[in-house]
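# Observations on the model geometry
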Amino acid sequence: MIQGKSVDVLKFDPAVPLPEVKDDQVLIKVAAASINPIDYKRLEGAFKDTDSPLPTVPGYDVAGVVVKVGSQVTKFKVGDEVYGDINGNALVHPKVIGSLAEYTASEEKLLSHKPKNLSFAEAASLPLTLETAYEGLERAGFSAGKSILVLGGAGGVGTHIIQLAKHVYGASKVAATSSSGKLELLRKLGADLPIDYTKENFEDLPEKFDVVFDAVGQTERAFKAIKEGGKVVTIVPPGFQDAIFFLLASDGAILDKLRPYLESGELKPLIDPKGAFPFSQIVEAFSYLETGRVTGKVVIYPIP
């Protein structure tokens with residue numbers, strides 16, 4: 001339960017009631033969840049004016065099994081394996097009982113059927129970051145034959161941008177930044193030009209790009225790396241003048257659309273090498289996420 005501004009205030013509460021299930025919702029027995037930077041920013045009170053009342057259970061990403069369905073639900077039935085980002089609007093009244101609980105409720109429109117080839121932990125790593133990557137590419141008007149530079153290629157969103165641009169959209173060239181030890185990972189994900197940001201300034205490269213997707217907060221520099229008429233998209237508040245800035249509105253339809261690519265292996269989940277943190281080590285998981293050194297996603301699994 002969140003009751004303050006740091007990981008020290010995360011407390012286990014064995015007496016949280018089962019969430020009520022509205023007509024358009026399903027109740028999920030949570031198998032796995034993942035955490036994102038927005039989760040620890042909530043702990044810091046970053047959007048307290050629009051946040052849910054305390055105490056609240058954090059967590060956006062979930063994978064689990066449907067155990068109850070509302071009267072208007074048609075997409076899912078009891079026993080279905082599902083996954084999704086359960087908060088339709090990231091910053092405005094996220095659910096009081098989020099995904100870091102044994103049970104959580106979600107509107108059916110925010111969920112998708114879990115790809116059969118993915119484990120619960122792998123599925124839980126995907127929704128918020130995969131949907132964010134897809135939405136950013138759509139907003140930038142990305143399409144086959146275009147080039148892209150990804151700032152923060154080894155992070156949760158960045159790993160998906162690279163894969164989507166290369167394997168779904170048919171990019172002519174994908175460049176991406178990371179630290180020295182992660183360049184080979186970028187190549188494996190589909191980057192044609194991995195850039196070591198500790199040794200090179202991406203804006204000094206002679207090559208310019210149709211789109212720069214900023215996942216780390218270097219938007220002003222990003223404008224020096226686009227072609228004439230190119231676009232910069234960013235997900236880092238407060239955004240930047242002339243950039244395309246957005247905050248994700250969760251949508252299970254995106255996961256439905258990308259399911260064939262996940263089941264074929266063209267899109268792959270990426271869980272941080274530290275592996276999944278068990279439910280009892282959520283505080284440690286948050287502390288690790290806050291270091292900013294995560295590769296891919298931090299997953300909480302198993303959840304009892």
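Just above, that's the structure.
The model shown is predicted, which means the values in this text are computed figures rather than measured ones.

### Comments concerning the packing of aromatic side chains
- Inspection of every chain in the model, using the stated rule, returns five aromatic pairs.
- Seen in terms of ring centroids, Tyr-134 and Tyr-169 are 6.3 Å apart; in terms of plane orientation they differ by 45 degrees. Their pairing is tilted. Taken together, the residues span a long stretch of sequence, with Tyr-134 in helix α3 (residues 127-139) and Tyr-169 in the loop between α4 (156-168) and β7 (173-178) at a distance of 35 residues. In this pair, the class of Tyr-134 matches that of Tyr-169, namely buried.
- Centroid distance Phe-142 to Tyr-169: 5.9 Å. Interplanar angle 65 degrees. Geometry classified as edge-to-face. Of this pair, Phe-142 sits in the loop between α3 and β6 (147-151) while Tyr-169 sits in the loop between α4 and β7; the two residues are 27 residues apart in sequence, bridging distant segments of the chain.
- A relative accessible area of 5% places Phe-142 in the buried class.
- Ring pairing ties together the aromatic residues Tyr-134, Phe-142 and Tyr-169, which thus form one cluster.

### Brief notes about the pattern of salt bridges
- Counted under the stated rule, the structure contains 13 salt bridges.
- A salt bridge links Glu-207 to Lys-173; the nearest nitrogen and oxygen atoms lie 3.0 Å apart. Taken together, the residues span a long stretch of sequence, with Glu-207 in the loop between β8 (193-196) and β9 (209-214) and Lys-173 in strand β7 at a distance of 34 residues.

### Details of the nonpolar core
- Counting 42 residues, the largest nonpolar core has Ile-148 and Leu-164 as its most contacted members.
- No other element matches α4, which puts five residues into this core.
- Beyond its immediate stretch of four places on either side in the chain, Ile-148 contacts Leu-137, Phe-142, Ile-161, Ala-165, Lys-173, Val-174, Ala-175, Phe-209, Val-211 and Phe-213.

### Examining the sheet that holds β6
- Strands sit in the order β8-β7-β6-β9-β10-β11 across an open sheet of six strands; the sheet is parallel. Since the sheet does not close on itself, it has two edges, and those belong to β8 and β11 (244-245), each with one partner.
- Relative to β7, β6 is paired through four bridges, and the arrangement is parallel. Within β7, the residue paired with Leu-149 across the bridge is Ala-175.
- Sheet strands in contact with α3 are β6, β9, β10 (226-234) and β11, and its direction is about 145 degrees off that of β9.

### Overview of the environment of Thr-132
- Structurally, Thr-132 is set in helix α3.
- Placed 90 residues apart in sequence, Thr-132 and Arg-42 show a C-alpha to C-alpha distance of 18 Å.
- Setting aside its immediate chain neighbours within four residues, Thr-132 contacts Val-157, Phe-213, Ile-235, Phe-246 and Leu-248.
- A distance of 2.6 Å separates the side chain of Thr-132 from the backbone oxygen of Leu-128, its partner in a polar contact.

### Describing the packing of α3 against helix α7 (residues 252-264)
- Taken N-terminus to C-terminus, the directions of α3 and α7 make an angle of 95 degrees; their axes are 11 Å apart at the nearest point. Relative to α7, α3 is oriented roughly perpendicular. Along its contact with α3, which presents Pro-127, Leu-130, Glu-131, Tyr-134 and Glu-135, the element α7 presents Ile-254, Leu-255, Lys-257, Leu-258 and Leu-262.
- Looking at the contact of α3 with α7 residue by residue, the class counts come to seven nonpolar, no polar and three charged.

Parameters and conventions
Residues numbered from 1 in each chain as written. Predicted model: local features only at pLDDT ≥ 70, side-chain atom pairs only at ≥ 80, totals over all residues. Heavy atoms only, no water. Phe/Tyr/Trp six-rings, centres within 6.5 Å; stacked < 30°, edge-to-face > 60°. Helix = DSSP H or I, 4+ residues; strand = E, 2+ residues; numbered from the N terminus. Buried < 20%, exposed > 50% of the residue type's maximum accessible area, 1.4 Å probe, protein only. Salt bridge = Lys/Arg side-chain N within 4 Å of Asp/Glu carboxyl O. Core = buried A, V, L, I, M, F, W, Y, C linked by side-chain atoms within 4.5 Å. Contact = heavy atoms within 4.5 Å. Pairing = 2+ DSSP bridges. Axes fitted to C-alpha atoms, helices over the stretch in contact; angles between N-to-C directions. Polar contact = N/O pair within 3.5 Å; in protein donor to acceptor, adjacent residues only side chain to side chain. Parallel < 35°, antiparallel > 145°, perpendicular 65-115°, else oblique. Nonpolar A, V, L, I, M, F, W, Y, C, P; charged D, E, K, R; others polar.

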